[in-house]
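# A closer look at the structure
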Amino acid sequence: MAAQHTFSRATREALQLLGTRVAVARRERRMTATELAQRAGVSPVTIRKVERGDPTVGLGVAFEVAALVGVPLFDESAERRSLDLDRAGDRLAVLPKRVRPREVDDAF
């Protein structure tokens, strides 16, 4: 049996928020979990997991489900998302490709 991962409170809250937004958007569109599952290419059980904020659902699946019901993940503007992605890429390019662990002096 694999060890269960413990998620931080912030992560659990973010997952719950995303799941609730997906559930609201799906219901506002009068879409069943089965219909959304078919569009996303997953099972209705997976949709219910997304809506409950289950951390075992794949990130790509959760994002796809959110996008299908119109839940904005970042900025709604495609141009802004592209600019943000370019900026993040520029920052990443100037950082070292590998990070070595630092020695911690905890003798105080």
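Structural data are supplied above this passage.
Residues numbered from 1 in each chain as written. Predicted model: local features only at pLDDT ≥ 70, side-chain atom pairs only at ≥ 80, totals over all residues. Heavy atoms only, no water.

## Details of the nonpolar core
As a rule of thumb, soluble globular proteins bury nonpolar side chains together. By size, the foremost hydrophobic cluster in this structure holds 16 residues, and its most contacted members are Leu18, Val22, Leu36, Ile47, Val65, Val69 and Val71. Elements with a minimum of two residues in this core: α1 (9-28), α2 (33-40), α3 (44-52) and α4 (59-68). Element by element, the count of residues in this core is highest for α4, at 4 residues. Residue contacts for valine 65: discarding those within four places in its chain leaves Val22, Leu36, Ala40, Ile47 and Val50. (Core = buried A, V, L, I, M, F, W, Y, C linked by side-chain atoms within 4.5 Å. Buried < 20%, exposed > 50% of the residue type's maximum accessible area, 1.4 Å probe, protein only. Helix = DSSP H or I, 4+ residues; strand = E, 2+ residues; numbered from the N terminus. Contact = heavy atoms within 4.5 Å.)

## Quick look at α1
The first and last C-alpha atoms of α1 sit 28 Å apart over 20 residues, in line with the 28 Å expected at 1.5 Å per residue. Residues Leu18, Gly19, Val22, Ala23, Ala25 and Arg26 constitute the buried set of α1. Contact partners of the buried residues in α1: α2, α3 and α4. Arginine 30 occupies a position one or two residues after α1 and carries a positive phi of about 55°. (Expected span 1.5 Å × (residues − 1).)

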